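Residue-level structural notes
One-letter residues, chain by chain:
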Amino acid sequence: DAGVIQSPRHEVTEMGQEVTLRCKPISGHDYLFWYRQTMMRGLELLIYFNNNVPIDDSGMPEDRFSAKMPNASFSTLKIQPSEPRDSAVYFCASTPLKEGGYTFGSGTRLTVV
Amino acid sequence: SQQGEEDPQALSIQEGENATMNCSYKTSINNLQWYRQNSGRGLVHLILIRSNEREKHSGRLRVTLDTSKKSSSLLITASRAADTASYFCATAAYSTPLVFGKGTRLSVIA
C-alpha cells in the first residue's frame with residue numbers, strides 16, 4: 001500500500017486566493033482526519049469523517065474552511081479566501097479503527113503571502 | 001482538555017545513551033499512543049498502550065503508563081543518530097479522535 005497520499009506537498013498562494021488540499025486515505029480505512037500543525041498551537045484536529053460522513057467539524061477555525069469526502073478514496077480541504085494566518089502544515093490521516101493508530105500523509109505545507 | 005503535554009520540550013544526548021520522554025494528560029483515556037516525526041515529514045505511529053496496560057515494549061522502545069498519575073513515559077534505549085526527531089504523545093478518550101501534545105525534540109549526537 002502506498003500509504004496516505006496528500007497533494008500538493010507545497011503550496012504558496014496569495015492572500016484572498018482559494019486553496020484546495022487533497023488526500024487519498026488507505027483503502028479500507030473508514031476514518032479520515034484533517035489536522036493542522038503550527039509551531040504555536042501544535043497539532044490541531046480540524047475535522048474527521050467516518051465512512052465519508054463528516055462527524056465533527058468543531059475544529060474548523062472559520063467558515064472560510066470547508067472539507068468534503070465524496071467517496072471512500074478521496075477528501076479535500078478547501079480554504080476560501082486564504083489568509084496569511086492559515087500558513088501551516090496540513091496533515092491528513094486515516095485509520096481502520098477510531099481508537100487505533102493513525103497513518104499520516106506527508107502533509108501539505110501551505111504558505112499564504 | 002485531555003491534551004498530553006510532553007516533557008522535556010527538547011532533549012540532546014550522545015549516541016548510545018538512553019532517552020526518556022514523559023507525557024502527562026488530564027482526563028480518562030482509552031489508550032495512549034506515541035508518534036515520531038522527522039523534520040518535514042508526517043507523523044509515524046510507534047506504539048499504543050491501552051489504559052489497562054502498564055508497560056509495553058517494541059524493539060528499543062519501552063512505554064509505561066500510570067493511569068493513577070495520568071502520565072506515560074517513552075524510553076528509547078541505545079539511541080542512534082537516526083532517532084533524531086520530534087516525539088509526540090497522543091491520547092484517545094472513548095469515542096473521540098486523538099489529541100496530540102506539542103512534542104519533545106530529540107537530538108542524538110554521533
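Scroll up to find the structure this text is about.
Below you will find a few notes about this structure. (Residues numbered from 1 in each chain as written. Chains lettered and ligands numbered in written order. Predicted model: local features only at pLDDT ≥ 70, side-chain atom pairs only at ≥ 80, totals over all residues. Heavy atoms only, no water.)

**Description of the sheet that holds strand β1 (residues 5-7) of chain A**
All names here are of chain A. In plain terms, the rule: Two strands pair under a simple rule: DSSP has to find at least two bridges between them. The helix and strand labels rest on DSSP assignments: H or I over at least four residues marks a helix, E over at least two residues marks a strand, and numbering proceeds from the N terminus. The angle between two axes is taken between their N-to-C directions and runs from 0 to 180 degrees, where each axis is a line fitted to C-alpha atoms and a helix contributes only its stretch in contact.
Taking strand neighbours across the sheet as the criterion, the four strands line up as β1-β3-β8-β7 in an open arrangement whose pairing is antiparallel. Because the sheet does not close on itself, it has two edges, and the strands there are β1 and β7 (65-71). Along the sheet, successive strands turn relative to each other by an average axial angle of 15°, direction set aside. Judged from the five bridges that link them, strand β3 (residues 19-24) and strand β8 (residues 74-79) form a sheet pairing that is antiparallel. Bridging across to β8, valine 19 finds its partner in isoleucine 79.

**Quick word on the packing of aromatic side chains**
All names here are of chain A. Our working rule: Working definition: a ring pair exists when centres of Phe, Tyr or Trp rings (six-membered ring for Trp) sit within 6.5 Å. Plane angles under 30 degrees give stacked, over 60 give edge-to-face, the rest tilted. Only protein chains enter the calculation, and the probe is 1.4 Å; a residue is then buried if its accessible area is under 20% of its type maximum, exposed if over 50%, and partly exposed in between.
In total, this model carries eleven aromatic pairs over all chains according to the counting rule given. Note on tyrosine 31 and phenylalanine 33: the rings are 6.4 Å apart at their centroids and 15° apart in plane angle, and the pair reads as stacked. You'll find tyrosine 31 and phenylalanine 33 in the same group, each marked buried.

**Points about the pattern of salt bridges**
Note the cut-off: By convention in these notes, a salt bridge is any Lys or Arg side-chain nitrogen within 4 Å of a carboxyl oxygen on Asp or Glu.
Going through the model one piece at a time under the given rule, you end up with eleven salt bridges over all chains. With its nearest N and O atoms 2.8 Å apart, the salt bridge here joins A:Arg64 to A:Glu62. A relative accessible area of 10% places A:Arg64 in the buried class. Of the residues examined, A:Glu62 reaches a relative accessible area of 25% and is grouped as partly exposed. Taking the shortest distance from any N to any O, the salt bridge between B:Glu53 and B:Lys56 comes out at 3.9 Å. Residue B:Lys56 is classed as partly exposed on the basis of its relative accessible area, which comes to 29%. Through salt bridges with shared partners, a single ionic network connects A:Glu62, A:Arg64, A:Glu83, A:Arg85 and A:Asp86.

**A word on the interface of chain A and chain B**
Here is the rule: Residues are treated as being in contact if the distance between any of their heavy atoms lies within 4.5 Å. Each of two parts loses accessible area, computed with a 1.4 Å probe, when they are put together; buried area is these two losses added. Whenever a nitrogen or oxygen atom comes within 3.5 Å of another N or O atom, the pair is scored as a polar contact, on the condition that within protein one atom can donate a hydrogen and the other can accept it, and that pairs from neighbouring residues in sequence are kept only if both atoms are in side chains. Residues were grouped as follows: Ala, Val, Leu, Ile, Met, Phe, Trp, Tyr, Cys and Pro as nonpolar; Asp, Glu, Lys and Arg as charged; and all remaining residues, including Gly, as polar.
Between chain A and chain B, the residue contacts involve 19 residues of the former and 20 residues of the latter. Note on chain A versus chain B: buried area summed over both sides is about 1,500 Å², and carbon and sulfur give 51% of it. Of all residues in chain A, A:Leu43, A:Glu99 and A:Tyr102 give up the largest surface area on contact with chain B, accounting jointly for 36% of the area buried on that side. For the pair chain A and chain B, the number of links is zero salt bridges. Counting across the interface, chain A meets chain B through eleven residue pairs in polar contact (both at pLDDT 80 or more). Mapped onto the side of chain A that touches chain B, the elements with two or more residues apiece are β4 (31-38) and β5 (42-50) of chain A. Tallying contributions element by element places β5(A) first for the side of chain A that touches chain B, with four residues. The class makeup of the residues in the side of chain A that touches chain B is nine nonpolar, six polar and four charged.

**With respect to the pairing of strand β7 (residues 61-66) of chain B**
Residue and element names in this part refer to chain B. Taken together, the four bridges between strand β6 (residues 55-58) and β7 define a ladder with antiparallel strand orientation. Bridge pairing links histidine 57 to arginine 62 in β7. Taking the residues that link successive antiparallel strands as the turn, the β6-β7 hairpin has two residues, and the phi of glycine 59 there is positive, at about 60°. When β7 meets strand β8 (residues 71-76), the two strands line up antiparallel, connected through six bridges. Directly across from threonine 64, in β8, lies its bridge partner serine 73. In this structure, the hairpin formed by β7 and β8 is closed by a connection of four residues, where lysine 70 is found at a positive phi of approximately 50°.

**Focus: the layout of surface pockets**
Our working definition: The distinction between a cavity and a pocket rests on a 1 Å grid over the protein atoms alone: a 1.4 Å probe fits inside a cavity but cannot get out, while a pocket stays open yet meets protein on both sides within 12 Å along at least five of seven lines, and a residue with an atom within 4 Å of a point counts as lining. Grid points are joined across faces, edges and corners, and a volume is the space filled by probe spheres set on the points.
Its boundaries defined by the atoms lining it, the largest pocket holds a volume of some 720 Å³. A:Gln37, A:Thr38, A:Met39, B:Gln37 and B:Phe88 are the residues nearest the centre of the largest pocket, which is lined by 29 residues in total. In the lining of the largest pocket, the residues fall into six nonpolar, 16 polar and seven charged. Roughly 240 Å³ of volume is contained in the second largest pocket. Around the second largest pocket, the lining is made up of 14 residues, and of these A:Leu43, A:Glu44, A:Leu45, B:Leu98 and B:Val99 lie nearest the centre. Of all the secondary structure elements, the ones that give two or more residues to the lining of the second largest pocket are β5 of chain A together with β10 (99-100) of chain B. Take the lining of the second largest pocket: its biggest share by element is four residues, from β5(A).

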